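# Structural features, examined
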Amino acid sequence: MKTITSRDNAQYKDLKHLATSSQARRKAGRTLLDGVHLCETWLQLRGHPEQCIVSETALHNPEVAAIVAGLEAEHAHVLCFPDALYAALSQVEHGVGIMFLVETPQRATPAALSVNAVLLDNVQDPGNVGSILRSAAAAGIREVYCSAGTAFCWSPKVLRAAMGAHFVLDIFENVELVPLLDGAPIATLATSGYARQRLYDVDLKQPVAWVFGHEGQGVSDQLLNLARHQVVIPHLGQVESLNVAACAAVCFFEQVRQNLD
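Residues numbered from 1 in each chain as written. Predicted model: local features only at pLDDT ≥ 70, side-chain atom pairs only at ≥ 80, totals over all residues. Heavy atoms only, no water.

Further remarks concern the environment of isoleucine 98. By secondary structure assignment, the location of isoleucine 98 is in strand β5 (residues 98-103). Isoleucine 98 sits in the buried class, given a relative accessible area of 0%. In the structure, isoleucine 98 is positioned 35 residues away from glutamate 63 in sequence and 9.8 Å away in space, judged by C-alpha atoms. In contact with isoleucine 98, not counting residues within four places along its chain, are Leu33, Asp34, Gly35, Val36, Cys39, Cys52, Ile53, Val54, Val64, Ile67 and Tyr86. (Helix = DSSP H or I, 4+ residues; strand = E, 2+ residues; numbered from the N terminus. Buried < 20%, exposed > 50% of the residue type's maximum accessible area, 1.4 Å probe, protein only. Contact = heavy atoms within 4.5 Å.)

Take the sheet that holds β5 next. Across the sheet, which stays open at both edges, the 5 strands sit in the order β1-β4-β3-β5-β2 with mixed pairing between neighbours. Each edge of the sheet is formed by a strand with only one pairing partner; in this case those strands are β1 (2-3) and β2 (30-34). As judged from the 4 bridges shared by strand β3 (residues 51-55) and strand β4 (residues 78-81), these two strands associate in the parallel manner. Residue serine 55 lies in a different strand from β4, and its bridge partner there is phenylalanine 81. Where helix α1 (residues 10-20) meets the sheet, its contacts fall on β1, β2, β3, β4 and β5, and the angle it forms with β4 comes to roughly 85°. (Pairing = 2+ DSSP bridges. Axes fitted to C-alpha atoms, helices over the stretch in contact; angles between N-to-C directions.)

Another aspect to go through is the nonpolar core. Of all hydrophobic cores here, the largest spans 56 residues; its most connected members are Phe100, Leu133, Trp210, Phe212 and Phe252. Of the residues forming this core, the biggest block, 6 residues, is contributed by helix α10 (residues 244-260). In this structure phenylalanine 252 touches Val118, Ile132, Ser135, Ala136, Ala139, Ile141, Trp210 and Phe212, once residues within four positions along its chain are discounted. (Core = buried A, V, L, I, M, F, W, Y, C linked by side-chain atoms within 4.5 Å.)

Considering only enclosed or pocket space, the largest pocket measures out at about 620 Å³ in volume. Taken together, 24 residues make up the lining of the largest pocket; nearest its centre are Thr191, Ser192, Gly193, Gly218 and Ser241. Elements with a minimum of two residues in the lining of the largest pocket: β11 (208-213), α9 (221-226), β12 (229-232) and α10. The class makeup of the residues in the lining of the largest pocket is 10 nonpolar, 11 polar and 3 charged. (1 Å grid on protein atoms, 1.4 Å probe; cavity = no way out; pocket = protein on both sides within 12 Å on 5 of 7 lines; lining within 4 Å. Points joined across faces, edges and corners; volume = space filled by probe spheres on them. Nonpolar A, V, L, I, M, F, W, Y, C, P; charged D, E, K, R; others polar.)

Moving on to the sheet that holds strand β10 (residues 197-198). With respect to topology, 7 strands assemble into an open sheet ordered β8-β7-β6-β11-β9-β12-β10, the strand pairing being parallel. The outermost strands of the open sheet, each flanked by one partner alone, are β8 (170-172) and β10. The pairing of strand β6 (residues 117-121) with strand β7 (residues 143-146) spans 4 bridges and is parallel. Residue pairing in the sheet places leucine 119 in a bridge with tyrosine 145 of β7. Helix α6 (residues 126-138) rests against β6, β7 and β8 of the sheet, and its axis sits at about 170° to β6. Here α10 sits on the sheet and contacts β6, β9 (187-191) and β11; the angle it forms with β11, its principal contact strand, is near 165°.

Take a look at the structure:
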């Protein structure tokens, strides 16, 4: 374990830049996983991090101590910072005091849709994006495609909301969604409050590409027109529409229900 006590240390400066700048994370192709749950899930599903970062106080936490001991036994890189320096890196209030530095997976976009997938068209709220990823992973969906206007999936807020879903999904960012939908070989469904076809009347037993749009504007007209089905989720209460993350969860688990029947 290496202990760093100076704010002027080059490694610390690099980590702080990553912690506070989305642009820096995108450029570096790295991000920080903050908290025991995300770190343990990464270890279970992806292996060692590039670095493990802990606060001095966190070393007295049994869960953190176990993670650090396991990494040190396999000669992984562990950095320890005084609490004040660590606090400037973490965006989690009252966090435990451990984070991993990891590379964000870079994948080439497939030529065509072939399995259950989610397409996010300018979904801008990180909490919504994270919730959609979590629901998608729970429903057994494997692929997520994000337009350039969608929140960066590897940002701290999205990571926290997704609770480890990133590590079982193939996530593609800055994707042109129109070519994927145009002539897609699997069913494509876009949600719209103005659609006439009900979600529950569509056969979802085959692979489906779900399209969800901006929180206020919905799916763009161009993508709506390309989707094979435009569907609405019926509701009885006097509200205009569902939150996009709630809408996605209803859709995914209606597909699960149909496939379990």
